[in-house]
Amino acid sequence: MSARLLAGPPAAAALLVEARRRAALLGRVPELHVIRLGDDPASLSYVTLKNRRAQEVGLGSTVHALPEATSQAELAALIARLNADPAVSGLLVQLPLPGHIDSAVILEAVSPDKDVDGFHPVNVGRLWSGSPGLSPCTPAGILALLEYYQIPVSGQHAVIVGRSTIVGKPLAALLLGRDATVTLVHSRTPDLGSFTRQADLLLVAVGRPHLISPEMVKPGAAVVDVGINRVGVSSSGKAKLAGDVHPDVMEVAAALTPVPGGVGPMTVAQLIMNTVLAAERMQAGQAIGQTIEQPGTAVQR
Ligand code: NAP
């Protein structure tokens, strides 16, 4: 058997077409604002890509490039200004932040209504309680990828390897919301293979090259490889990338996402869709800040 490759680019393109269609139905152009501190080359290339994708689908896009030495108070003041600006639909602060800044405080400073990364505790709570909100881009992009390739989720046993707050945990919440039976395993799980071999749908977000060998996969499973590991440099000077799943899993699985070119493109496409979703919710008066607060149900901002 050789697995069907679940390539990210066509699924990402379909998501971007849908984002463009829905953005055109809005009264105003949705705007994405990205704040970046310092000159880290990886952050710079991620931000450039987000900016380019937003512009390609006709969204407004602004990058606020601040010096590395920007203080936490200055950063918080910019966030407060963008939170209050009705022209701003989506706002994200590119991570990692320099050591003198408390990332948790900054992520909570972003309005939950504009939090297109889905990291604000209000959005985390909404995700787990099944209410509408903004979900983290990588897990939501994975759901869009599975939907594009019509990989069944409801009633399937989904095993997620990795419990990070940006991938594993929100992915568990989203898959539960789609009626999968979910098992979440991590570095303290003994005998990892005994769990992964039970998966109809195996999703791996660890950051260890080729951790998942063919013997750890149930024949016929669908496998999503989230890992991006730099394992060397090619002759042309480009970084060589490897996933968390060994390529020989192709011979066992029914479907597999490649690395690179699998989950990666979905993350940026979902960010664009989240910006459109935020703009739609704001226009419909469904944003948390616009909700009429009733006694006992008020949501704190
Ligand atoms: P992370 O925060 O470092 O979390 C890694 C998780 O893997 C942790 O829960 C850890 O368990 C678990 N783990 C580590 N070693 C393990 C082992 N031997 N067996 C089982 N579980 C193990 O990483 P992350 O941010 O979720 O990212 C994971 C990978 O996905 C990275 O390669 C990252 O580059 C990639 N990624 C890709 C995208 C994309 O757009 N494609 C987006 C985000 C991340 P403990 O909790 O017990 O420590």
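Residues numbered from 1 in each chain as written. Predicted model: local features only at pLDDT ≥ 70, side-chain atom pairs only at ≥ 80, totals over all residues. Heavy atoms only, no water.

## Some points on the overall build of the protein chain
Logical step 1: If you tally the helices and strands in the protein chain, you get 9 helices and 11 strands.
Logical step 2: Rg of the C-alpha trace for the protein chain: 20 Å, near the compact-globule value of 19 Å for 301 residues, within the 12% margin.
Logical step 3: Taken along its principal axes, the extent of the C-alpha atoms in the protein chain is 55 × 50 × 40 Å.
Logical step 4: When the 301 residues of the protein chain are sorted by exposure, 48% land in the buried category.
Logical step 5: Put simply, 70% of the contacts in the protein chain that link residues at least 6 apart link residues at least 24 apart.
Logical step 6: Approximately 14100 Å² of the protein chain is accessible, and the part contributed by carbon and sulfur atoms is 56%. (Helix = DSSP H or I, 4+ residues; strand = E, 2+ residues; numbered from the N terminus. Rg over C-alpha atoms; globule rule 2.2 N^0.38 Å. Buried < 20%, exposed > 50% of the residue type's maximum accessible area, 1.4 Å probe, protein only. Contact = heavy atoms within 4.5 Å. Areas by Shrake-Rupley, 256 points an atom, 1.4 Å probe, with all protein chains shown as cover.)

## Side note on the site of the ligand
Logical step 1: Residues in contact with the ligand amount to 22 residues; listed here are only the nearest, Arg-163, Ser-164, Ser-187, Ile-228 and Thr-267.
Logical step 2: Residue Ser-164 places a side-chain N or O atom 2.5 Å away from an oxygen atom belonging to the ligand.
Logical step 3: Take Ile-228: an N or O atom from its main chain is 3.0 Å from an oxygen atom of the ligand.
Logical step 4: Counting residues per element, the shell around the ligand draws most heavily on helix H9 (residues 263-283), at 3 residues.
Logical step 5: Among the residues forming the shell around the ligand, the class breakdown is 10 nonpolar, 10 polar and 2 charged. (Near = heavy atom within 4 Å. Polar contact = N/O pair within 3.5 Å; in protein donor to acceptor, adjacent residues only side chain to side chain. Nonpolar A, V, L, I, M, F, W, Y, C, P; charged D, E, K, R; others polar.)

## Thoughts on the side chain of His-64
Logical step 1: Tracing the chain through its elements places His-64 in strand S3 (residues 60-66).
Logical step 2: Given a relative accessible area of 15%, His-64 falls into the buried group.
Logical step 3: If we skip the residues at most four places from it in the chain, His-64 touches His-33, Val-34, Ile-35, Arg-36, Leu-78 and Leu-82.

## Quick notes on the nonpolar core
Logical step 1: Counting residues in hydrophobic clusters, the biggest one holds 53 residues, and the most contacted among them are Ile-142, Ile-151, Leu-175, Leu-201 and Leu-203.
Logical step 2: Top contributing element to this core by residue count: H9, with 9 residues.
Logical step 3: For this core, the domains that each give at least three residues are domain 1 (28-111) and domain 2 (137-265).
Logical step 4: Those residues in contact with Ile-151 that sit more than four places away from it in its chain are Arg-4, Leu-6, Leu-146, Leu-201, Ala-222 and Ala-255.
Logical step 5: Formed by 19 residues, the second largest nonpolar core is a distinct cluster that contains Val-185, Ala-199, Val-223 and Val-245. (Core = buried A, V, L, I, M, F, W, Y, C linked by side-chain atoms within 4.5 Å. Domains from an automatic or database assignment.)

## Observations concerning the domain arrangement of the protein chain
Logical step 1: You can read the domains of the protein chain as domain 1 (28-111) and domain 2 (137-265).
Logical step 2: Distance between the C-alpha centres of domain 1 and domain 2: 29 Å.

## A short note on unusual backbone geometry
Logical step 1: Put simply, Leu-95 and Pro-96 share a cis peptide bond, and its omega is 0°.
Logical step 2: Here the bond from Val-259 into Pro-260 is cis, since omega is 0°, no more than 30 degrees from zero.
Logical step 3: Locating Pro-260 in the fold gives a position in the loop between strand S11 (255-256) and H9.
Logical step 4: Phi angles above zero are rare outside glycine, and Gln-150 is one such case at about 50°.
Logical step 5: In this fold, Gln-150 is placed in the loop between helix H6 (137-148) and strand S5 (157-161).

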